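Take a look at the letters that make up each chain.
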Amino acid sequence: MPGATVRTVHSAVVADIVRHIVPLDGLEQQHIDTTLAWLASTHDIFRRIKPATPPRHLVSYVVLVDPHARAVLLGEHRRSGLWLPTGGHVDPGEHPLETARREAAEEIGIQARFDVIGPDPLFLTVTTTVGSDPHEDVSLWYVIRGDRTHDHALDPGEFDGERWWDIAGAVLPHTDPHLGRFLTKLDGALGRRTG
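The structure reproduced in this document is the subject of the present report.

Conventions we followed
Residues numbered from 1 in each chain as written. Predicted model: local features only at pLDDT ≥ 70, side-chain atom pairs only at ≥ 80, totals over all residues. Heavy atoms only, no water. Phe/Tyr/Trp six-rings, centres within 6.5 Å; stacked < 30°, edge-to-face > 60°. Helix = DSSP H or I, 4+ residues; strand = E, 2+ residues; numbered from the N terminus. Buried < 20%, exposed > 50% of the residue type's maximum accessible area, 1.4 Å probe, protein only. Contact = heavy atoms within 4.5 Å. Polar contact = N/O pair within 3.5 Å; in protein donor to acceptor, adjacent residues only side chain to side chain. Core = buried A, V, L, I, M, F, W, Y, C linked by side-chain atoms within 4.5 Å.

Points about the packing of aromatic side chains
In step 1: Taken as a whole and judged by the stated rule, the model has six aromatic pairs.
In step 2: A ring pair is formed by tryptophan 83 and tryptophan 165, whose centres lie 5.9 Å apart and whose planes are at 70 degrees; its orientation type is edge-to-face. With tryptophan 83 in strand E3 (residues 83-84) and tryptophan 165 in strand E7 (residues 159-166), the pair connects residues that are 82 residues apart, well separated along the chain. Side by side, tryptophan 83 and tryptophan 165 carry an identical accessibility label, which is buried.
In step 3: Their ring planes at 50 degrees and their centres at 5.9 Å tell us that phenylalanine 123 and phenylalanine 182 sit as a pair that is tilted. With phenylalanine 123 in strand E5 (residues 123-128) and phenylalanine 182 in helix H4 (residues 179-191), the pair connects residues that are 59 residues apart, well separated along the chain.

If you want it as C-alpha cells, here you go:
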C-alpha cells in the first residue's frame, strides 16, 4: 500500500512476547531466561543464511489443534526425519505471529485461526537441531484451530505424511524433544477454556 509504514520487528519486540509467556516448569523458565538474555545481547536474531547463520535464531511453530477431539496434527518432516508441528524460521524483520500465519498458509493451506487459546505463543523452547548442520532454534509455539474430521494434506515438499495425535495419553513418535511438555501445557490450557 503506498505510503504505508512497514514495521520491522526487532529483539525488543520479541522480548516483550517472551516476557508474557507463563512457564510450564523450571525448564521452560530456564529457556525463557536464556532467550531474554540472548535478545538483550544481540539484534542478530533471524536466520540470514541457510541452514545455520547465525547459529541461534527464531522459529515459529504453528500447531494445528482440534480442541473438541483433543488432538494435534503432526507431519513427518522430510529433512529431520521427525514428526513435527508445522512452522518455520522467522524471516528478518517479520513478527513471529506473522510467521505462524504464513507457515499455516504455506504448509497446511489454511488461514490460521488463533481462537483456541489466543494469538500469543503458548510455549517457548531452545533446542539444538539434529542433522548435518546443528544449530539452536528458539521456538515460539503458536496454537491454531483445526478439525480432525477434515483432511489436511501438508506440503509434500516439507512432509512425507501427516497424522493426528491425541493430546493426552498418546505414545509419541520420534519428535521434537519438548513436544510432550507442550502437550501437557496445551492440555491444561484447553481445560481452562471451552472449545
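Focus: unusual backbone geometry
In step 1: The residue after lysine 50, namely proline 51, is reached through a cis peptide bond having omega 0 degrees.
In step 2: The topology assignment puts proline 51 in the loop between helix H2 (26-41) and strand E1 (56-66).
In step 3: For the bond from threonine 53 to proline 54, the omega torsion is -5 degrees, close enough to zero to count as cis.
In step 4: Although it is not a glycine, arginine 70 sits at a positive phi angle of roughly 55 degrees.
In step 5: Along the chain, the position of arginine 70 falls in the loop between E1 and strand E2 (71-77).
In step 6: You can call arginine 70 partly exposed: its relative accessible area is 30%.

Examining the environment of aspartate 160
In step 1: Examined against the element boundaries, aspartate 160 turns out to sit in strand E7.
In step 2: With a relative accessible area of 48%, aspartate 160 lands in the partly exposed category.
In step 3: Along the primary structure aspartate 160 and aspartate 137 are separated by 23 residues, whereas in three dimensions their C-alpha atoms are 22 Å apart.
In step 4: Ignoring anything within four residues of it in the chain, the contact list for aspartate 160 reads Glu76 and Arg78.
In step 5: A polar side-chain atom of aspartate 160 sits 2.9 Å from a polar atom in the side chain of arginine 78.

A few points about the environment of histidine 95
In step 1: With respect to the element layout, histidine 95 can be found in the loop between strand E4 (86-89) and helix H3 (96-108).
In step 2: On the basis of relative accessibility, which here comes to 24%, the residue histidine 95 falls in the partly exposed class.
In step 3: Placed 42 residues apart in sequence, histidine 95 and threonine 53 show a C-alpha to C-alpha distance of 19 Å.
In step 4: Polar contacts involving the side chain of histidine 95 include one to the main-chain amide nitrogen of leucine 97, which spans 3.0 Å.

A short note on the nonpolar core
In step 1: Counting 33 residues, the largest nonpolar core has Leu58, Leu124 and Ile144 as its most contacted members.
In step 2: When residues of this core are traced back to their parent elements, those giving at least two are helix H1 (11-19), H2, E1, E2, H3, E5, strand E6 (136-145) and E7.
In step 3: It is H1 that provides the largest number of residues to this core, a total of five residues.
In step 4: If we skip the residues at most four places from it in the chain, leucine 58 touches Val14, Trp38, Ile45, Phe46, His89, Val90 and Val138.
In step 5: Core analysis: the second largest hydrophobic core is formed by 22 residues, Leu122, Phe182, Leu186 and Leu190 among them.

These values are about where atoms sit, not about what they do.
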